[in-house]
Amino acid sequence: MNGTMAASSHRVTLGPLVAAIDQGTSSTRFLVFNSKTAELLSHHQVELKQSFPKEGWVEEDPKEILQSVYECMERTCEKLTQLNIDISNIKAIGVTNQRETTLVWDKETGEPLYNAIVWLDLRTQSTVERLINKTPGRNKNHLKHKTGLPISTYFSAVKLRWLMDNVDEVHQAVVSHRAMFGTVDSWLIWCLTGGKSGGVHCTDVTNASRTMLFNIHTLDWDPELCKYFGIPMEILPRVRSSSEIYGLMKSGALSGIPISGCLGDQSAALVGQMCFQDGQAKNTYGTGCFLLRNTGAKPVMSDHGLLTTVAYQLGRDKPACYALEGSVAIAGAVVRWLRDNLGIIGSSEELEKLAASVGTSYGCYFVPAFSGLYAPYWEPSARGIICGLTQFTNKSHVAFAALEAVCFQTREILDAMNQDSGIPLTQLQVDGGMTSNKLLMQLQADILCIPVVKPSMPETTALGAAMAAGAAEGVSVWSLSPEDLSAVTSEKFEPQINPDESEFRYARWKRAVQKSMNWETTEPVGNGNGETSIFSSIPLGFYIMGSMLMLVGAKYLADVCVVRSGLTPGGKEEPDQRSTLLTLNLTEDQDNFEHTDSLFSFLLFRTFLCNRCRCIRLILAGVCMGYLLFHCVDNINDLIYAETSPMGFTFFFFFEVKIANLCWILFQTRAL
């Protein structure tokens with residue numbers, strides 16, 4: 001919807017209005033609501049560009065994001081003026097935003113120090129794997145007791161760590177105490193309230209809870225978590241509630257109006273759907289797909305791959321409410337992919353017509369794991385696949401499979417949520433841009449086998465931000481009391497297929513998901529057959545060089561000892577007994593070392609070829625080490641005696657280096 005709702009003459013005398021900035025992954029919108037009726041009066045939308053510098057990288061320009069907000073504000077105000085609605089009636093502004101997306105800027109210049117790293121971005125996968133590997137039992141839920149989140153590329157802390165490690169401007173700004181970190185809400189509020197001239201650096205509890213730096217129990221930044229990720233706490237924004245006055249607009253047509261509401265987009269949708277009671281849930285279909293279930297004032301930890309997050313805190317003195325969340329990375333983004341990458345459709349509206357023309361996927365299944373799999377798997381190595389293709393499959397079947405994929409992913413997180421709560425949902429409340437696709441909504445009801453309820457006013461995310469802003473202390477133009485909340489009209493989609501057919505299709509989808517996993521890895525590149533080449537091993541190279549040096553040393557030492565044992569320039573002398581013994585042993589050692597190194601090199605060669613079985617690698621490496629130690633201990637007295645000469649000392653030094661090198665090789669073998 002790009003226009004303005006039809007205005008009737010009584011709107012000239014409307015009461016208090018509340019506006020909302022809805023800054024999403026693919027677009028920015030500014031919307032104005034009547035605080036008494038929750039009616040949407042006007043709005044404007046601007047699409048955003050995304051950049052993909054490398055595979056798996058997703059970035060947006062912070063300046064473009066800010067400019068899109070100003071443009072939407074100005075255009076919406078123009079539309080309100082055309083409707084004879086006085087913009088001075090706007091009493092507050094709320095902010096809702098794409099969560100986890102990470103920005104760092106210079107507080108002295110006001111300039112971003114790098115592009116915003118979008119929540120979908122996968123560049124931190126190796127960092128995440130390294131963090132998980134160093135946790136006890138390689139447990140990705142190591143921090144969950146504090147954060148409610150698994151260690152994942154999804155969240156802000158690892159993105160911020162990457163920026164500090166890889167962007168010189170960010171590193172220098174942090175060192176010189178000029179850096180400010182924030183998610184999109186922090187960036188916007190800081191800029192809109194003055195920027196470098198006194199802008200307010202803050203965030204709310206819902207956005208902070210998505211960083212992995214925030215303790216969801218204390219509702220504040222956690223020093224131990226910040227130390228774990230190496231993040232200085234001074235660059236973090238102040239954490240506030242979701243409904244209070246943060247500051248005043250400093251420029252534009254709305255200058256002087258308070259910004260008094262802030263919620264991450266999925267929390268805003270939960271509020272906009274009025275899910276204030278324990279057990280109420282909603283599912284938002286946007287770029288991704290997010291199912292949240294209100295769990296009340298106590299955080300509930302999931303045993304089935306869901307996140308525990310802060311749902312909202314509607315006032316600085318009000319208790320926080322929590323939610324279980326199932327997050328799907330790719331929902332509406334698959335429509336954009338079909339349009340922009342494959343050219344199957346010219347617009348998102350065409351997708352419904354194309355899929356409806358066949359009414360089935362004809363056995364084709366699409367797993368859009370473009371950014372790995374989120375809940376309930378949390379598997380970053382997964383990649384998108386389309387399977388079940390035949391010669392009869394065409395673009396219409398692929399379009400239908402894409403819509404089914406969104407529904408199947410929702411089914412997975414709904415099943416997990418039902419298992420965690422123990423109380424199955426009897427219907428699903430939905431919102432978001434994709435809900436305008438009626439075929440999708442019917443498919444969702446069929447696959448879930450429960451009714452799907454869509455409100456007639458789909459802008460519930462922006463509505464939630466407006467409600468929080470209007471209800472803030474000092475504004476108080478929107479009542480959140482249950483008796484004052486406006487009734488919402490809705491459309492209901494009932495299941496229309498046999499549950500057995502639904503289960504059959506869902507089971508085949510689950511098979512496709514398994515095939516999408518373990519496609520991507522950050523381990524060393526192999527030789528083309530999935531095995532690491534022996535020639536790429538630096539430790540093995542040191543081992544071979546060490547072998548050559550030891551053989552040369554052994555030969556030279558043996559020759560020196562032959563001279564010491566009785567051969568002198570003046571003629572024959574009777575050798576002393578100890579020197580003779582040393583001569584014989586070291587001369588013999590020369591051959592022994594040659595045989596030992598030949599066998600050792602062969603075993604080590606086999607060790608590195610056996611990459612498919614870690615157990616075999618470790619056993620072979622252990623045999624190698626044992627053989628060398630047994631051989632050397634047998635002659636240790638002679639080695640110690642030989643050490644009394646400079647050449648002997650050198651030989652003994654190479655022996656010690658060789659043992660250390662072997663430990664290095666063992667470590668590398670274990671890690672492969």
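Residues numbered from 1 in each chain as written. Predicted model: local features only at pLDDT ≥ 70, side-chain atom pairs only at ≥ 80, totals over all residues. Heavy atoms only, no water.

1. Looking at the overall build of the chain
Consideration 1: Each helix and strand in the chain was counted, giving 20 helices and 25 strands.
Consideration 2: Restricting the contact set of the chain to residue pairs at least 6 apart, pairs at least 24 apart contribute 73%.
Consideration 3: For the chain, the accessible surface area stands at approximately 28,700 Å², while carbon and sulfur atoms represent 55% of it. (Helix = DSSP H or I, 4+ residues; strand = E, 2+ residues; numbered from the N terminus. Contact = heavy atoms within 4.5 Å. Areas by Shrake-Rupley, 256 points an atom, 1.4 Å probe, with all protein chains shown as cover.)

2. Side note on the side chain of Asp-22
Consideration 1: Relative to the assigned elements, Asp-22 resides in strand β1 (residues 17–23).
Consideration 2: A relative accessible area of 7% places Asp-22 in the buried class.
Consideration 3: When near neighbours in sequence (up to four residues on either side) are disregarded, Asp-22 contacts Ser-27, Thr-28, Arg-29, Leu-31, Thr-96, Thr-461 and Ala-462. (Buried < 20%, exposed > 50% of the residue type's maximum accessible area, 1.4 Å probe, protein only.)

3. Notes on unusual backbone geometry
In most cases, non-glycine residues show a negative phi, while peptide bonds are predominantly trans.
Consideration 1: Going from Ala-375 to Pro-376, the amide bond is cis rather than trans, its omega being 0°.
Consideration 2: For Pro-376, the position within the fold is in the loop between β19 (365–367) and β20 (385–387).
Consideration 3: In this model, Ala-38 sits at a positive phi of 65°, which is unusual for a non-glycine residue.
Consideration 4: Note that Ala-38 resides in the loop between β2 (27–34) and β3 (40–47).
Consideration 5: Residue classification places Ala-38 among the buried residues on the basis of a relative accessible area of 14%.
Consideration 6: Unusually for a residue other than glycine, Met-212 sits at a positive phi of about 75°.

4. Points about the nonpolar core
Consideration 1: Within the largest apolar cluster, 143 residues are counted, with the highest numbers of intra-cluster contacts made by Phe-33, Phe-229, Tyr-285 and Tyr-312.
Consideration 2: With 14 residues, the single largest contributor to this core is helix α12 (residues 395–421).
Consideration 3: Membership of the second largest hydrophobic core comes to 38 residues, among which are Val-32, Cys-77, Trp-187 and Leu-188. (Core = buried A, V, L, I, M, F, W, Y, C linked by side-chain atoms within 4.5 Å.)

5. Quick notes on the state of the cysteines
Consideration 1: Summed over the entire model, instances satisfying the criterion amount to 0 disulfides.
Consideration 2: Take Cys-289: it sits in no disulfide, and the sulfur closest to it among the cysteines is that of Cys-407, at 8.5 Å. (Disulfide = S-S within 2.5 Å.)

6. Observations regarding the confidence of the model for the chain
Consideration 1: The predicted model of the chain has a mean per-residue pLDDT of 80, with 75% of residues at 70 or higher.
Consideration 2: Below pLDDT 50 for its whole length, residues 1–11 participates in 19 contacts with residues either more than four positions away or in separate chains.
Consideration 3: Contacts of residues 636–645 to residues separated by more than four positions or lying in other chains number 19 contacts, the stretch itself having pLDDT below 50. (pLDDT = per-residue confidence, 0-100.)

7. Structural notes on the environment of Ala-445
Consideration 1: Checked against the element boundaries, Ala-445 lands in helix α13 (residues 438–448).
Consideration 2: On the basis of relative accessible area, Ala-445 is assigned to the buried category, the value being 0%.
Consideration 3: Residues Ala-445 and Gln-496 lie 51 residues apart in sequence; the distance between their C-alpha atoms is 7.8 Å.
Consideration 4: Apart from the residues lying within four places of it in its own chain, the contact partners of Ala-445 are Ile-450, Val-452, Phe-493, Glu-494 and Pro-495.

8. So, the packing of aromatic side chains
Consideration 1: Enumeration according to the criterion identifies 23 aromatic pairs in this entry.
Consideration 2: Look at Phe-276 and Tyr-312: their rings are 5.8 Å apart centre to centre, the planes differ by 85°, and that puts the pair in the edge-to-face class. In this pair, Phe-276 sits in the loop between α9 (265–272) and β15 (281–285) while Tyr-312 sits in strand β17 (residues 307–312), placing the two residues 36 residues apart along the sequence. Of the two residues, Phe-276 and Tyr-312, neither departs from the other in class, the shared state being buried.
Consideration 3: Centroid distance Tyr-362 to Phe-392: 6.2 Å. Interplanar angle 65°. Geometry classified as edge-to-face. Placement of the pair is Tyr-362 in the loop between α11 (348–356) and β19 and Phe-392 in the loop between β20 and α12, with a sequence separation of 30 residues.
Consideration 4: On the basis of relative accessibility, which here comes to 42%, the residue Tyr-362 falls in the partly exposed class.
Consideration 5: Residue class for Phe-392 comes out exposed when judged on its relative accessible area of 52%.
Consideration 6: The ring of Trp-162 has Arg-123 lying over it, and the distance from NZ or CZ to the ring centre is 4.6 Å. (Phe/Tyr/Trp six-rings, centres within 6.5 Å; stacked < 30°, edge-to-face > 60°. Lys NZ or Arg CZ within 6 Å of the ring centre and 35° of its normal.)

9. Concerning the sheet that holds strand β22 (residues 452–455)
Consideration 1: The sheet built from 7 strands is open, its strands ordered β17-β18-β16-β15-β21-β22-β23 with mixed pairing. Looking along the sheet, the strands with just one partner apiece sit at the ends: β17 and β23 (490–493). Geometrically, the sheet is characterised by an average inter-axis angle of 30° between neighbouring strands, direction not taken into account.
Consideration 2: The pairing of β22 with β23 spans 4 bridges and is classified as antiparallel. Bridging from a neighbouring strand, Pro-455 pairs with Ser-490 of β23.
Consideration 3: Of the strands in this sheet, β15, β16 (289–296), β18 (321–328) and β21 (428–431) touch α12, which is tilted by about 145° from β18.
Consideration 4: Sitting on the sheet, α13 touches β15, β21, β22 and β23, and the angle it makes with β23 is about 50°. (Pairing = 2+ DSSP bridges. Axes fitted to C-alpha atoms, helices over the stretch in contact; angles between N-to-C directions.)

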